[in-house]
Amino acid sequence: MEKVLSNKPVISMLIFPALIIYCLVVPIPVIASVYYSFTSWDLIGEMRFSGLQNYVNLFLHDDIFRLCIKNTVVFLFVSILLQEPAAFIFSVLLTKGVRGQKFFRNLFFMPIVFSGVSVSLMFYFVYHPDAGVVNNLIRLFGNKEFSFAWLGEEKTALLSVTVALAWQYIGYHMTIYISGISSIPKELFEAARIDGANEWMVVKHIIFPMLMPMIQVSMILITTSSLKAFDYIYIMTYGGPAHASEVIASHMYSKAFVQLKYGYGSAISTVLMVLCIISSVILTKVFKDRVYSDV
Amino acid sequence: MALDDIINGDEELKNTYIPYRLAQFDGKTYAIGYTLTTEVYYYNKELFAQYNVNVPKTYEELMNLIKLFKGKGIIPMAMGNQDPWVGSLPYMFVFDRIAGPFKYEETCFDKTGKFTDPEYIRAAEIIVEIAEAGAYPNNFNTLNYDEAKALFTSGKAAMYPMGTWELANLAKEMGDNLGFFNFPDIEGGIGKSEEDWVCSQDGATSISAKSSADKTEAAIKFLKFIFSTERLSDLAMSGALVPAKGLILDETKLQKVSIDIYSQLENVKYSIIPWDNLLGPNVGKEFNLSTQSIYAGKNPAEVFANLQKIADMEWGSK
């Protein structure tokens, strides 16, 4: 049996069907998309080759795209700010062996299994000016006439969406960190305590450095998914009001599928893909020297 | 093929046909529509009677109505601008009354006019005037479509600018209490409330120019049949809104509101097509977002300059 499985031609043959399916589903459509980005096509008529025209329009003439880039970057940094520190703190607290630890771990993890669509809809109602939980709480404790459209005002629309996203995914990053902390050898903690380290020093000098691989994974995941964020925006604000919460993915949807400018939309999606690749490479480089493999 | 000769040659067609800009090309008519959608100001007859007021004939009267209802604690007009096209409806009316029915064609059809022209900005200032007089509910700019409709049907709002696709629903909820009027004239303006209506036709029926002679003849016969006064009247009686005048309607079987709409249609000289349909999915959406921004307090001159930039990019003009 082992001879068969280590036989290279056999391996290739067994992998081949899966490889075909993978090629059809991932690389080929990606390459096709990049190709479309150099054309002008409305999905119905003929496809005209237009070279770099889409990219020229995108970077020089599309004011909304510039706003999208700014919004996407803001979205990314606010998401990191809301999710990472909280996930880290929760993971440290929930690996100490406190009472109800397992309960809280499960509780914080639970929102992740909900579909993004249902969480978005729920928060849509949470933020509702009249019937929403947020405004009703403010009315309960303060101004009785308070009525604010969190998702309808341009200053708060995007940030409100990031809060909803954070609610769902803090548990995700927390779980990554918990698994990381659990794999730190107990001897390190014992040795540190014997040497007189207090809680904060343990976190700073043991947990944080040992968790670097996990932090790297978590950061790459949060970066790529924030850059691609679409369903939350689409459901909660549809890019509004007046593009105040428009991000790269929602702009791409609007151009490609609503306005039927498929070539232009493909250009936007290509830019997004390049952005994700670049940020992954940067993150990997930043973490390269800080990740200890084995102590 | 061009249908003008057929329409003008047939007595019934000539009497019922309402001209429609989108069915025309190079001055000739190429299609006849059989569904009509128009947009009007619905109003609650009971509330109007209760406060002894009449349908406004001028802009001053409309503003007085708004002040009166607001003073009595009734929302003057229900509006849910979360879908930004809703708020663009008053804008189209106001623009027509100021600048007349043809001005918007320059910009929306011919692409020679500009959104930065003074009439567009003046119209924007007027819709802000209406909003600031307290015409709309709180938070109307983010209010949901269905919630706004509920405000009207439950009697909390006196008026409701909306389209006739809601006619059946509203009539079911409000029965004979439902009335409508067209946005009144603005003094010093060109457009007339009697003659200019915001409406669009659907169900365009045309005849191919490539058919053989006897097929074309059969098609023409069929066209004259389905657009005969009798057939159109039957269609109207079944509840659909038909873009035709001179119909024979049984007043006892059709709702009063529908009968009123048909009698008003007799005077329609110009159909203002909803702008976002004409401007296409990109500029049309931006136009709606522009009116929404103006309600939110943005400077109309800036908003329209932005809109013009987007229009220029879309249509390639400089």
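Residues numbered from 1 in each chain as written. Chains lettered and ligands numbered in written order. Predicted model: local features only at pLDDT ≥ 70, side-chain atom pairs only at ≥ 80, totals over all residues.

1. With respect to the overall build of chain A
Secondary structure summary: chain A contains 15 helices and 2 strands in total. For chain A, the residues scored as buried account for 31% of the 295 residues in total. (Helix = DSSP H or I, 4+ residues; strand = E, 2+ residues; numbered from the N terminus. Buried ≥ 20, exposed ≤ 12 C-beta atoms within 10 Å, placed from the backbone.)

2. Describing the overall build of chain B
Counting its regular elements, chain B contains 14 helices and 8 strands. Since a compact globule built from 318 residues should have a radius of gyration of about 20 Å, the 21 Å found for chain B is in line with a globular shape. Dimensions of chain B, computed from the C-alpha atoms along their principal axes, are close to 65 × 55 × 35 Å. Burial analysis of chain B (318 residues in total) assigns 41% to the buried set. Restricting to contacts in chain B with at least 6 residues of sequence separation, those with at least 24 account for 74%. (Rg over C-alpha atoms; globule rule 2.2 N^0.38 Å. Contact = placed C-beta atoms within 7 Å.)

3. What to know about the interface of chain A and chain B
Across the boundary between the two partners, chain A contributes 9 residues, which contact 11 residues of chain B. Considered class by class, the residues forming the side of chain A that touches chain B number 5 nonpolar, 4 polar and no charged. (Nonpolar A, V, L, I, M, F, W, Y, C, P; charged D, E, K, R; others polar.)

4. Structural notes on the packing of helix H7 (residues 118–132) of chain B against helix H14 (residues 300–315) of chain B
All names here are of chain B. H14 packs onto H7 with a crossing angle of 130° between their chain directions and a minimal axis gap of 9 Å. Between H7 and H14, the crossing angle belongs to the class labelled oblique. Pair H7 / H14 crosses with right-handed handedness. Residues Tyr-120, Ile-121, Ala-124 and Glu-125 of H7 touch H14, and the partners they reach there are Pro-300, Ala-301 and Phe-304. Broken down by class, the residue content of the contact of H7 with H14 amounts to 6 nonpolar, no polar and 1 charged. (Axes fitted to C-alpha atoms, helices over the stretch in contact; angles between N-to-C directions. Parallel < 35°, antiparallel > 145°, perpendicular 65-115°, else oblique. Left-handed = near helix turned anticlockwise from the far one by under 90°.)

5. Overview of unusual backbone geometry
The backbone phi angle of A:Ala242 is positive, close to 50°, even though this residue is not glycine. Note that A:Ala242 resides in the loop between helix H13 (231–236) and helix H14 (248–258). Within the chain, B:Asn139 stands out as a residue other than glycine whose phi angle is a positive 60°. Topologically, B:Asn139 is positioned in the loop between H7 and helix H8 (145–153). Assessed through the 18 C-beta atoms surrounding it within 10 Å, B:Asn139 is described here as partly exposed.

6. Points about the domain arrangement of chain B
All names here are of chain B. Split by domain assignment, chain B resolves into domain 1 (4–36 + 199–271) and domain 2 (38–185 + 280–315). Each of domain 1 and domain 2 has a C-alpha centre, and the two are 28 Å apart. In this complex, domain 1 contributes 9 residues to the contact, which on the side of domain 2 involves 10 residues. Considering only residue class, the side of domain 1 that touches domain 2 consists of 5 nonpolar, 2 polar and 2 charged. (Domains from an automatic or database assignment.)

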